[in-house]
Amino acid sequence: MTVAEELNPEISENPQTPEAALEDAADAAGDEPVKQRKNGLYPGVSDELAENMKSGWADTELRDLEPIPQAAETAARRAALSARFPGERLVIPAGNLKTRSNDTEYSFRASVEYAYLTGNQTEDGVLVLEPEGDGHTATVYLLPRSDRENGEFWLDGQGELWVGRRHSLTEAEKRYGIPASDVRELTGSLREATGPVRVVRGYDAGVEAALTDKVTAERDEELRVFLSEARLVKDEFEIGELQKAVDSTVRGFEDVVKVLDKAEATSERYIEGTFFLRARVEGNDVGYGSICAAGPHACTLHWVRNDGPVRSGDLLLLDAGVETHTYYTADITRTLPINGRYSELQKKIYDAVYDAQEAGIAAVKPGAKYRDFHDASQRVLAERLVEWGLVEGPVERVLELGLQRRWTLHGTGHMLGMDVHDCAAARVESYVDGTLEPGMVLTVEPGLYFQADDLTVPEEYRGIGVRIEDDILVTADGNRNLSAGLPRRSDEVEEWMAALKG
């Protein structure tokens with residue numbers, strides 16, 4: 001709810017009244033005049049209260065701020081962007097709050113493009129690169145501190161007494177190393193802008209409306225593609241953040257193993273909640289909806305309902321990742337025996353997937369084709385399916401026709417970074433048909449899934465799903481498994497689980 005709606009159910013049209021000041025506060029914040037709250041408990045704001053709220057507040061300006069740790073990296077990223085689009089105005093919005101229901105909003109997450117270039121994560125922010133000489137001048141447009149003179153800080157729904165303090169523009173300049181201006185003045189200047197302009201679409205309708213006659217979909221897509229491809233190779237800061245995400249995720253998996261008995265007494269939700277606690281304590285959030293798939297739910301690739309039973313004797317496919325405070329996420333999967341021991345058939349299927357992953361990881365190295373790790377993993381799985389008599393060989397025929405896909409289903413990995421499926425807008429020739437380089441980070445995650453209603457496999461296979469996923473950094477001489485802290489081999493998994501359960 002907004003404060004104005006709470007305090008002022010009957011806004012007067014008299015511009016001299018305290019009630020009209022509420023509209024002025026909303027206007028100052030760049031919003032439409034605040035609407036009445038139908039069931040507000042206060043009849044209005046007295047002159048005395050309005051005056052009282054203007055004074056008696058300490059100076060809270062922060063004067064000893066240090067730049068954010070990645071300030072040098074974000075500056076280098078902006079320089080690369082500037083060099084790619086000389087002479088053009090570039091507009092990259094953070095996005096706006098989105099309504100969850102009625103008057104509550106979803107937690108805000110800034111657009112990846114904006115956060116990648118600024119390090120800032122606040123709603124309504126916009127980065128603008130203005131062409132100047134041979135390069136650009138960057139300005140980050142943000143909401144300034146709430147105004148205490150007009151009451152906006154306590155009367156507006158996004159005032160600081162309701163949602164928390166935000167940095168002043170001076171503070172923002174120190175933190176991000178970019179000149180900062182009031183975002184409420186931006187759309188007017190964008191409407192008057194001349195010369196070529198590009199905008200990252202899909203995040204801020206107001207910004208896009210101000211530029212509607214100055215941009216084209218084709219040119220804007222070129223900007224989006226460039227920013228996606230720029231993230232293919234990670235810098236040292238990004239690799240460090242990804243390792244932090246992975247390390248927290250490892251601890252989250254350990255947390256889950258320790259409470260599997262409680263999950264058996266409740267549901268998959270207990271697993272989801274346990275991992276979420278680790279993500280929120282050590283990071284910003286989970287990087288994506290956790291997949292806590294027990295029993296036959298493991299055969300549903302993106303099972304995020306997490307409302308099913310957890311039964312001893314079944315497998316738990318846990319696919320989850322912690323997102324750091326800088327938005328970098330891990331993406332790890334382990335398929336665990338809920339009672340701590342794989343059955344003979346479960347172990348046979350698990351070991352096949354493990355062998356496929358080993359082949360895939362071995363294919364990750366600089367100069368290799370991106371597709372090589374996928375092809376290597378799929379070959380191993382196809383060989384096992386033929387060996388088990390589930391599909392007619394030879395293996396080359398199976399691979400040529402893609403017959404293994406009935407049980408392998410998905411690709412064997414993807415780029416990883418600020419999005420769990422990072423760099424998704426990159427050109428095919430730069431990504432799937434590209435070549436691996438040092439600094440790239442990708443997942444290797446083969447799987448086998450025997451659906452509960454699949455009559456083409458023996459009954460004992462049905463309802464078993466196995467996936468093993470790790471986060472792999474391409475290095476100068478090969479690769480490094482960032483998630484090697486979690487055991488993968490079936491016997492090591494059993495030993496690890498036994499030790500955690502005490």
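From a predicted model like this one, the values you see are computed outputs, not experimental measurements.

Novice: Would you mind showing me how to read the overall build of the protein here?
Specialist: Each helix and strand in the protein was counted, giving 19 helices and 17 strands. The principal-axis extent of the C-alpha atoms belonging to the protein is close to 85 × 55 × 40 Å. Looking at the 502 residues of the protein, the share that counts as buried comes to 51%. Accessible area of the protein: about 22,800 Å², with a carbon and sulfur share of 48%.

Novice: Looking at this structure, I do not really get the layout of surface pockets. What am I missing?
Specialist: Computed from the structure, the second largest pocket encloses a volume of approximately 670 Å³. Forming the boundary of the second largest pocket are 28 residues, of which F108, Q121, N284, H325 and Y327 lie nearest the centre. Counting residues per element, the ones that place at least two in the lining of the second largest pocket are α8 (169–176), α12 (236–258), α14 (268–282) and β8 (285–286). In terms of residue count, the dominant contributor to the lining of the second largest pocket is α12 (three residues). Considered class by class, the residues forming the lining of the second largest pocket number 10 nonpolar, nine polar and nine charged.

Novice: How should I be thinking about unusual backbone geometry in this particular structure?
Specialist: Peptide bonds are trans in most cases, and residues, glycine excluded, mostly fall at negative phi. Omega for the peptide link from G393 to P394 comes to 5°, which places this bond in the cis form. Examined against the element boundaries, P394 turns out to sit in the loop between α16 (372–387) and α17 (395–401). In this structure, N102 takes a positive phi of about 55° despite not being glycine. Residue placement: N102 occurs in the loop between β2 (99–101) and β3 (104–105). Assessed through its relative accessible area of 71%, N102 is described here as exposed. Not every positive phi belongs to a glycine, and C423 is a case in point at roughly 65°. Examined against the element boundaries, C423 turns out to sit in the loop between α18 (405–408) and β13 (441–444).

Novice: Where do I start with the pattern of salt bridges in this structure?
Specialist: Proximity of charged atoms lets side chains of opposite charge pair with each other. What the rule picks out here adds up to 35 salt bridges. In this structure, R63 engages D59 in a salt bridge whose closest nitrogen and oxygen atoms are separated by 2.8 Å. Here the two residues R63 and D59 agree in accessibility, since each one is exposed. For R278, the salt bridge goes to E282, with nearest N and O atoms at 2.6 Å.

Novice: I would appreciate a short explanation of the state of the cysteines in the present structure.
Specialist: Among covalent bonds in proteins, the disulfide is the one between the sulfur atoms of two cysteines. All told, the structure shown has zero disulfides when counted by the stated rule. Left without a disulfide partner, C292 is nearest to the cysteine sulfur of C299, which lies 16 Å away. Note on C292: relative accessible area 0%, which makes it buried.

Novice: Would you take a moment to explain the environment of F450 for this structure?
Specialist: Locating F450 in the fold gives a position in strand β14 (residues 447–450). In the structure, F450 is positioned 112 residues away from I338 in sequence and 18 Å away in space, judged by C-alpha atoms. When residues no more than four places from it in sequence are discounted, the contact partners of F450 are C299, I349, L385, W388, L390, W407, V457, Y461, R462, G463 and I464.

Novice: Could you clarify how one ought to interpret the pairing of β14 in this entry?
Specialist: It is a general feature of regular strands that their side chains alternate between the two faces of the sheet. Where burial is concerned, the two faces of β14 agree: the one with G447 and Y449 and the one with L448 and F450 are both buried. Looking at chain direction, β14 and strand β15 (residues 464–467) are connected through four bridges and run antiparallel. Within β15, the position partnered with L448 by the bridge is V466.

Novice: What exactly am I supposed to notice about a nonpolar patch on the surface here?
Specialist: A contiguous nonpolar patch, built from W57, L161, W162 and V163 and spanning about 400 Å² of accessible area, is present on the exposed surface. By the secondary structure assignment, L161 is in helix α7 (residues 160–163). For L161, a relative accessible area of 49% puts it in the partly exposed group.

Novice: Which parts of the structure should I look at to understand the packing of helix α15 (residues 344–362) against α16?
Specialist: Angle between the axes and distance between the axes: these two values describe a pair of packed helices. The N-to-C vectors of α15 and α16 enclose an angle of 150°; their axes lie 7 Å apart at closest approach. It follows from the interaxial angle that α15 and α16 lie roughly antiparallel. Here the hand of the crossing between α15 and α16 comes out right-handed. Where α15 abuts α16, its residues D351, A352, V353, D355, A356, Q357, A359 and G360 lie against F373, A376, S377, V380, L381 and R384.

Novice: Honestly, the UniProt feature "domain: Aminopeptidase P N-terminal" (unreviewed entry) in the protein in this entry has me stumped. Any pointers?
Specialist: Within this numbering scheme, the UniProt entry marks residues 69–208 as carrying the feature "domain: Aminopeptidase P N-terminal" (unreviewed entry). With 34% helix and 22% strand, residues 69–208 has its two end C-alpha atoms placed 31 Å apart.

Novice: Explain the sheet that holds strand β5 (residues 135–142) here, please?
Specialist: Consider a sheet: its strands pair through backbone hydrogen bonds, and that pairing is either parallel or antiparallel. Read across the sheet, five strands follow the order β6-β5-β4-β1-β7 without closing on themselves; strand pairing throughout is mixed. The sheet terminates laterally at β6 (180–182) and β7 (197–199), the two strands that pair on one side only. With direction set aside, neighbouring strand axes in the sheet form an average angle of 25°. Inspection of the sheet shows strand β4 (residues 126–132) paired to β5 by seven bridges, in the antiparallel sense. By the bridge assignment for β5, P131 is matched with H136. Helix α4 (residues 71–84) contacts β1 (89–93), β4 and β5 of the sheet and is inclined by roughly 50° relative to β4.

Novice: Looking at this model, I keep getting lost on the nonpolar core. Mind explaining?
Specialist: Looking at soluble globular proteins, one finds that nonpolar side chains tend to be buried together. Among the nonpolar cores identified, the biggest contains 90 residues, and L81, I92, I271, I349, W388, L448 and F450 are the most heavily contacted of them. Examining the composition of this core, we find that nine residues originate from one element, α12, more than from any other. Ignoring anything within four residues of it in the chain, the contact list for W388 reads K348, I349, A352, L448, F450 and Y461. One finds A368, Y370, L442 and I472 within the second-largest nonpolar core, a separate group that totals 17 residues.

Novice: It is not clear to me how the side chain of S168 should be interpreted in this structure. Could you clarify?
Specialist: Mapped onto the fold, S168 is located in the loop between α7 and α8. Overall, the relative accessible area of 8% leaves S168 in the buried class. Among the polar contacts made by the side chain of S168, one reaches the side chain of E61 at a distance of 2.8 Å. Not counting chain neighbours up to four residues away, the residues in contact with S168 comprise E61 and R145.

Parameters at a glance
- Residues numbered from 1 in each chain as written.
- Predicted model: local features only at pLDDT ≥ 70, side-chain atom pairs only at ≥ 80, totals over all residues.
- Heavy atoms only, no water.
- Helix = DSSP H or I, 4+ residues; strand = E, 2+ residues; numbered from the N terminus.
- Buried < 20%, exposed > 50% of the residue type's maximum accessible area, 1.4 Å probe, protein only.
- Areas by Shrake-Rupley, 256 points an atom, 1.4 Å probe, with all protein chains shown as cover.
- 1 Å grid on protein atoms, 1.4 Å probe; cavity = no way out; pocket = protein on both sides within 12 Å on 5 of 7 lines; lining within 4 Å.
- Points joined across faces, edges and corners; volume = space filled by probe spheres on them.
- Nonpolar A, V, L, I, M, F, W, Y, C, P; charged D, E, K, R; others polar.
- Salt bridge = Lys/Arg side-chain N within 4 Å of Asp/Glu carboxyl O.
- Disulfide = S-S within 2.5 Å.
- Contact = heavy atoms within 4.5 Å.
- Pairing = 2+ DSSP bridges.
- Patch = residues over 30% accessible without salt bridge, like charges linked within 9 Å, V, L, I, M, F, W, Y side chains within 5 Å.
- Axes fitted to C-alpha atoms, helices over the stretch in contact; angles between N-to-C directions.
- Parallel < 35°, antiparallel > 145°, perpendicular 65-115°, else oblique.
- Left-handed = near helix turned anticlockwise from the far one by under 90°.
- UniProt positions renumbered as here; feature names shortened; annotations may be inferred.
- Core = buried A, V, L, I, M, F, W, Y, C linked by side-chain atoms within 4.5 Å.
- Polar contact = N/O pair within 3.5 Å; in protein donor to acceptor, adjacent residues only side chain to side chain.

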